[in-house]
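Observations on the three-dimensional arrangement
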Amino acid sequence: MNDILYPYLTGIKQFNYFKVFNRFNQLMFETKNYDVGWNGTLNGTPQQMGIYIWVAVGIANDGSTVQRTGQVLLLR
């Protein structure tokens with residue numbers, strides 16, 4: 001359950017990108033396609049359990065830029 005992390009796009013008319021970073025600020029995942037999510041790997045290698053930071057950016061229905069950040073706990 002919840003094997004892939006996807007951005008949530010309510011109220012967004014244009015999706016710019018979704019990125020996931022580890023605690024050392026290393027980019028683990030990046031996509032510009034909202035249908036593609038992060039599966040907890042980097043180049044096919046499963047990553048360690050822990051907290052990862054995500055950033056999603058897009059354009060809202062009113063034309064304003066929306067940037068959201070958060071944390072996700074990767075468990076195996």
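Here's a quick rundown of the structure. (Residues numbered from 1 in each chain as written. Predicted model: local features only at pLDDT ≥ 70, side-chain atom pairs only at ≥ 80, totals over all residues. Heavy atoms only, no water.)

Notes on the environment of N2
For N2, the position within the fold is in the segment before β1 (12–21). Distance from N2 to N16, taken between C-alpha atoms, is 23 Å for residues 14 residues apart in sequence. (Helix = DSSP H or I, 4+ residues; strand = E, 2+ residues; numbered from the N terminus.)

Examining the packing of aromatic side chains
Under the defined criterion, the tally for this structure stands at four aromatic pairs. Here F15 and Y34 contribute two aromatic rings whose centre-to-centre distance is 6.2 Å and whose plane-to-plane angle is 85 degrees, an arrangement assigned as edge-to-face. In this pair, F15 is assigned in strand β1 and Y34 in the loop between β2 (27–31) and β3 (41–42), connecting sequence segments 19 residues apart. Residue Y34 is classed as partly exposed on the basis of its relative accessible area of 43%. The structure contains a cluster of three or more aromatic residues connected by ring pairs, namely F18, F29 and W54. (Phe/Tyr/Trp six-rings, centres within 6.5 Å; stacked < 30°, edge-to-face > 60°. Buried < 20%, exposed > 50% of the residue type's maximum accessible area, 1.4 Å probe, protein only.)

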